[in-house]
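Each chain, letter by letter, is given below.
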Amino acid sequence: MLRQQDVGHRIVVRRIVGIREGRPLFSDALGELVELSETHLTIATAQGRVRVPLAEVHRAKRVPPTRRPTASAVVELELAADEAWPAPVRGRLGDWLLRSADGWTGRANSALPVGDPDRPLPAAVDAIERWYAGRGQPAMVNTPLPLAVPVGAELDARGWTARPLTLVQTVPLTTLRAAVPPPGPADRAPRPGRAGSAGDPPPEIRDAGRHGPAGRPAPQTHDAGRHGPAGAPAAQTHDAGRHGPAGGPAVVLAVAPSEEWLAVAAGRKGGLPDSARHILTAVSQVRFAQVYADGVLVATGRGTVTGQGRWLGLSLIEVAPPARRQGLAARVIRALADWGAAEGATHAFLQVEQRNTEAVSLYRKLGFTTHHTYLTRVAPPT
């Protein structure tokens, strides 16, 4: 029978649709599992969504995807994701990447084995172990599957453990933007807020990113928010992010994170060393989404454009518990999708743990499908 871990994957369901001459009649449905509750499951099929009561399910199981991505497609996306989450300390082992960031997140503190390590596989793993030992860190390797199956087999033989499976999911930006309604006229109006609050949208400013010091208008440019390296004032915002249903709080995109935004990221990731600030801001095309309600930061997100401008990367989508189930995460994603599309990106990607079924369900409703998966492997203690 299916489990919550199967949400977001392709499944086949055989259901009982009737009885004829004392024998059950069956019907099969094939598609992506969107929802699994205590009473029913929902499948997105080629003909539309099908809601099946569990009492009618005769058999159900996960099946392989229609086709696997090519090795080159996996490498392209993995390199775009690395560019979007840049570790400050980096090394190379042939084509393989070695990354370190004071232990902040597995992605930035693990080797990425794509391409040729320019030596036999056992010697490559030996070199990884030495590199991380020299930095006083446990050796870790991100193994994209199925591309890095041979690497995984070598790590298995050495007793390396694995963290929970991560899904790398993608969607065309046209599909993603169509899944979330565009903003209405009311959403572009200034939102009331606590005067002077750090990170609040400036009142009566349609596009704060087009303003210079002391509120003086800057020269007319396409997006002044593109200027300013990491650490530029968070008040430079891009108004394409003011999204939401009528009367909802606006989403504002900033070129740098506010201290309140950083505090949310620190709470989610367990601290915020200098390396973390580098990872978050050292991307040339990046935006930090924030939503305020009554002067309180209630939702955040981060978007990057990498991979030669093709990929919008979404990360750190977070909604405060009291503000959940109001569509804020979808609004944040739509705002970042609009920005990414304006920058020329054509597809979006994100990385989510398979066990995070609530997030997987949301992303599935927005059109995301699993491109490939990866395991973060951890060397045994020495």
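Here the structure is shown first, and the text comes after it.
What counts and what doesn't
Residues numbered from 1 in each chain as written. Predicted model: local features only at pLDDT ≥ 70, side-chain atom pairs only at ≥ 80, totals over all residues. Heavy atoms only, no water. Helix = DSSP H or I, 4+ residues; strand = E, 2+ residues; numbered from the N terminus. Buried < 20%, exposed > 50% of the residue type's maximum accessible area, 1.4 Å probe, protein only. Contact = heavy atoms within 4.5 Å. Areas by Shrake-Rupley, 256 points an atom, 1.4 Å probe, with all protein chains shown as cover. Salt bridge = Lys/Arg side-chain N within 4 Å of Asp/Glu carboxyl O. Pairing = 2+ DSSP bridges. Core = buried A, V, L, I, M, F, W, Y, C linked by side-chain atoms within 4.5 Å. Polar contact = N/O pair within 3.5 Å; in protein donor to acceptor, adjacent residues only side chain to side chain.

Asker: Mind showing me how you'd approach the overall build of the protein here?
Answerer: For the protein, the helix and strand inventory stands at eight helices and 17 strands. In the protein, buried positions account for 50% of the 382 residues. Sequence-distant contacts in the protein: of pairs separated by 6 or more residues, those separated by 24 or more amount to 66%. As displayed, the protein offers around 18,100 Å² of accessible surface, 53% of which is attributable to carbon and sulfur atoms.

Asker: Got a minute to help me understand the pattern of salt bridges in this structure?
Answerer: Close approach of charged atoms allows side chains with opposite charge to pair. Within this structure, the stated rule accounts for 16 salt bridges. We note a salt bridge from Glu129 to Arg158, for which the minimum N-O separation is 3.5 Å. In this pair, Glu129 sits in helix H2 (residues 121-133) while Arg158 sits in the loop between helix H3 (149-157) and strand S9 (161-162), placing the two residues 29 residues apart along the sequence. Classification of Glu129 by relative accessible area gives partly exposed; the value is 28%. Classification of Arg158 by relative accessible area gives partly exposed; the value is 24%. Each of Asp126, Glu129, Glu154 and Arg158 takes part in salt bridges that share partners, so that together they form one network.

Asker: What's the story with the pairing of strand S14 (residues 296-306) in this structure? I'm lost.
Answerer: For a regular strand, side chains alternate in direction, first toward one face of the sheet and then toward the other. Taking burial as the measure, the eleven residues of S14 include ten buried ones, the bulk of the element. Here strand S13 (residues 286-293) folds back onto S14 in antiparallel fashion, the turn holding two residues, of which Asp294 has a positive phi close to 55°. The sheet contact formed by S14 and strand S15 (residues 311-319) spans seven bridges and is antiparallel. Counterpart to Gly303 in the pairing with S15 is Leu314. Between S14 and S15, which pair antiparallel and follow one another directly, the connecting turn spans four residues, one of which, Gly307, has a positive phi of 65°.

Asker: Looking at this model, I keep getting lost on the nonpolar core. Mind explaining?
Answerer: Burial of nonpolar side chains together is a common tendency in soluble globular proteins. Core analysis: the largest hydrophobic core is formed by 47 residues, its most contacted members being Leu41, Leu176, Leu312, Leu314, Val332, Tyr363 and Phe368. Ranked by residues supplied to this core, first place goes to helix H7 (residues 328-342) with nine residues. The contact partners of Leu41, leaving out residues within four places of it in the chain, are Leu2, Val13, Leu33, Glu35, Leu36, Val50, Arg51, Val52, Leu54 and Val57. Grouped together as the second largest cluster of nonpolar side chains are 17 residues, Ala127, Ile128, Tyr132 and Trp160 included.

Asker: It is not clear to me how the side chain of Thr306 should be interpreted in this structure. Could you clarify?
Answerer: Position of Thr306 among the secondary structure elements: in strand S14. A relative accessible area of 1% places Thr306 in the buried class. A distance of 2.9 Å separates the side chain of Thr306 from the backbone oxygen of Ala80, its partner in a polar contact.

Asker: Help me understand the environment of Val57 in this model?
Answerer: Assignment of secondary structure puts Val57 in strand S5 (residues 57-62). For Val57, a relative accessible area of 13% translates into the label buried. Through-space distance from the C-alpha of Val57 to that of Ser27 is 9.8 Å; in sequence the pair is 30 residues apart. Those residues in contact with Val57 that sit more than four places away from it in its chain are Met1, Val13, Arg14, Arg15, Leu41 and Val52.

Asker: How should I be thinking about unusual backbone geometry in this particular structure?
Answerer: Most of the time, phi is negative for any residue but glycine, and the peptide bond is trans. With an omega of 5°, the peptide bond running from Leu145 to Pro146 counts as cis. Following the sequence through the fold, Pro146 ends up in the loop between strand S8 (140-145) and H3. A positive phi is found at Asp294, a non-glycine position, where the angle reads about 55°. Here Asp294 is to be found in the loop between S13 and S14. Looking at Asp294, the relative accessible area reads 76%, which means it is exposed. A positive phi angle is found at Leu316, which is not glycine, with a value near 55°. Inspection of the secondary structure assignment puts Leu316 in strand S15.

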